[in-house]
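Here is what each chain is made of, one letter per residue.
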Amino acid sequence: MSISRTPLARARGLGSAKSGTADFWRQRVTSVLGLPLIAGAILVIVSNIGADYRSAIECLRRPAVAILLLLTILNFCVHMRIGMQIIIEDYIHNETAKALLLIANTGFVAAAGVAGALALVKIAAVG
Amino acid sequence: MTDNRERAMDRPRSPDLQVYRPTLTMTMSIAHRTTGAALYLGMVLFVWWLVAAAAGPAAYAVEQRFMRSLPGLIILFGFTWAALHHTLGGVRHLIWDTGLAHDYPWREYLARATLFGSLSLTGILWIIGYLT
Ligand code: HEM
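Conventions adopted
- Residues numbered from 1 in each chain as written.
- Chains lettered and ligands numbered in written order.
- Predicted model: local features only at pLDDT ≥ 70, side-chain atom pairs only at ≥ 80, totals over all residues.
- Heavy atoms only, no water.
- Near = heavy atom within 4 Å.
- Polar contact = N/O pair within 3.5 Å; in protein donor to acceptor, adjacent residues only side chain to side chain.
- Helix = DSSP H or I, 4+ residues; strand = E, 2+ residues; numbered from the N terminus.
- Nonpolar A, V, L, I, M, F, W, Y, C, P; charged D, E, K, R; others polar.
- Core = buried A, V, L, I, M, F, W, Y, C linked by side-chain atoms within 4.5 Å.
- Buried < 20%, exposed > 50% of the residue type's maximum accessible area, 1.4 Å probe, protein only.
- Contact = heavy atoms within 4.5 Å.
- Donors = N, O, S within 2.8 Å, 3.2 Å for Na, K, Ca; no water.
- Tetrahedral: all angles 85-135°; square planar, octahedral: opposite > 155°, others 65-115°.
- Buried area = accessible area lost by both parts, 1.4 Å probe.
- Salt bridge = Lys/Arg side-chain N within 4 Å of Asp/Glu carboxyl O.

Draft legend 1. How the structure looks around the site of the ligand. With respect to spatial proximity, 22 residues lie near the ligand, and among them Ser31, Phe76 and His79 of chain A together with Arg33 and His86 of chain B are the closest. Surrounding the ligand is a set of residues that belongs to chains A and B. Between an oxygen atom of the ligand and a side-chain N or O atom of Arg28 of chain A, the distance comes to 3.3 Å. For the shell around the ligand, the secondary structure elements donating two or more residues are helix 2 (22-47) and helix 4 (63-91) of chain A together with helix 2 (24-55) and helix 4 (70-97) of chain B. It is helix 4 of chain A that provides the largest number of residues to the shell around the ligand, a total of seven residues. Taken together, the residues of the shell around the ligand break down into nine nonpolar, 11 polar and two charged.

Written as C-alpha cells, this is what we have:
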C-alpha cells in the first residue's frame, strides 16, 4: 500500500476489506465479551474431561451451562470469522481465490455455529 | 525518474522477516495469529463434542475414544494452550488499544507475562484435570 495516498483517499477506499472500521470494532467487542465466556467454557470443558455420557448430558442441559455455551459459540463465531478474514486478506492477493476463501470462511463458521447451537438446544429440550 | 522508482521498489520493505533479527515480540505476534487459526480449526472438536452428546451414547463413545487416545490428548493439550495463549495475547492487544505499554520495557514485560502465563495456566489446568 503506497504511503503517498492521502488519509482522505484511504478513507474513501475503506481499506482492504472495503468495509471501514466496523469489523475492527466488532473484533474488539467480541474480544472483551469473550473473556468471561471463554473462562466459563473452559471450566465446563475441563469438568467434563472423562465424563460418561449421562453426566455430560446432565451438565449440558442445565440452563446456565446451555446459555453460557450458546453465547460462547455466538460470540466466537463472529470473532473467528473476522479473524480468519483478516488472515485471508493479508496473504491472498488473487481476487478470485480471495473471494472463494472468504465464502468458505463464512460457510465454515456458519456450519460450526449452527451445528453447535442445534446440539445444545436439542440436549436442553430432550436430553 | 524511472531509475529512482525502480530503486525504491527493490529496497526491502518493513517488516521483512529476512532482514530483522527475530525478537520476542515478533514471535509472539506470529504466535497470536497461529493460535487464532488453530482455535478456528479447533472449533470443530468442540462442536463434535456437543453434536456427539446430542446424537446419543454411541456417537459420544466414538468421540470419547478419540479424545482419550494419545493423538486426541495431544490435540486437546495443544488446544488448551492455544486458547489460553491467544486469550492472554488478546488481553495484551486490548491493553495496546488503550494506548498503553507500546514502549520498552513494558512491551517486553507483557510479552513474557503472556508466554509464562499461558504455559503455567495450561500446566495448572491439566494437573487439576488429571487429579480430578
Ligand atoms: C477471550 C478470548 C479471546 C480474545 C481476548 C481474543 C482477542 C483477539 C484479538 C484482540 C485479535 C486481533 C489481533 C490483531 O489485531 O492483530 C484476535 C484475532 C483473532 N482471533 Fe481471537 N481472541 C479470543 C479468542 C479467540 C477464539 C476462541 C478464536 C477461535 C475460535 C479466535 C480466533 C481469532 C483469529 C482467527 C484471529 C485473527 C488472527 C490475526 O489476525 O492474526 N480468538 N483475537
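Draft legend 2. Representation of the nonpolar core in the model. Within the largest apolar cluster, 30 residues are counted, with the highest numbers of intra-cluster contacts made by Leu60 and Leu69 of chain A together with Leu50 of chain B. Contributing elements (two or more residues each) for this core: helix 2, helix 3 (53-60), helix 4 and helix 5 (95-126) of chain A together with helix 2 of chain B. Filtering out sequence-adjacent residues up to four positions away, Leu69 of chain A remains in contact with Ala41, Val44, Leu60 and Leu120 of chain A together with Phe46 and Leu50 of chain B. Within the second largest apolar cluster, five residues are counted, among which are Ile38 and Phe76 of chain A together with Leu84 and Leu125 of chain B.

Draft legend 3. Structural detail: the coordination of the iron atom of the ligand. Protein coordination at the iron atom of the ligand comes from His79 of chain A (NE2) and His86 of chain B (NE2), with a distance range of 2.0 Å. Classification of the site at the iron atom of the ligand as octahedral follows from its six donor atoms and the range of 88 to 179° in their angles at the metal. Pair noted here: His79 of chain A is in helix 4 and His86 of chain B is in helix 4, and the two residues belong to different chains.

Draft legend 4. Just the interface of chain B and chain A, in detail. The interface is formed by 25 residues belonging to chain B together with 36 residues belonging to chain A. Around 2800 Å² of area is buried between chain B and chain A when both sides are counted, 78% of it from carbon and sulfur atoms. Remark: the boundary between chain B and chain A carries two salt bridges. Of the charged contacts in the structure, one is a salt bridge between Arg33 of chain B and Asp90 of chain A, with a shortest N-O distance of 2.9 Å. Viewed at the interface, chain A and chain B are joined by seven residue pairs in polar contact (both at pLDDT 80 or more). The set of elements that each furnish at least two residues to the side of chain B that touches chain A consists of helix 2, helix 3 (57-68), helix 4 and helix 5 (106-131) of chain B.

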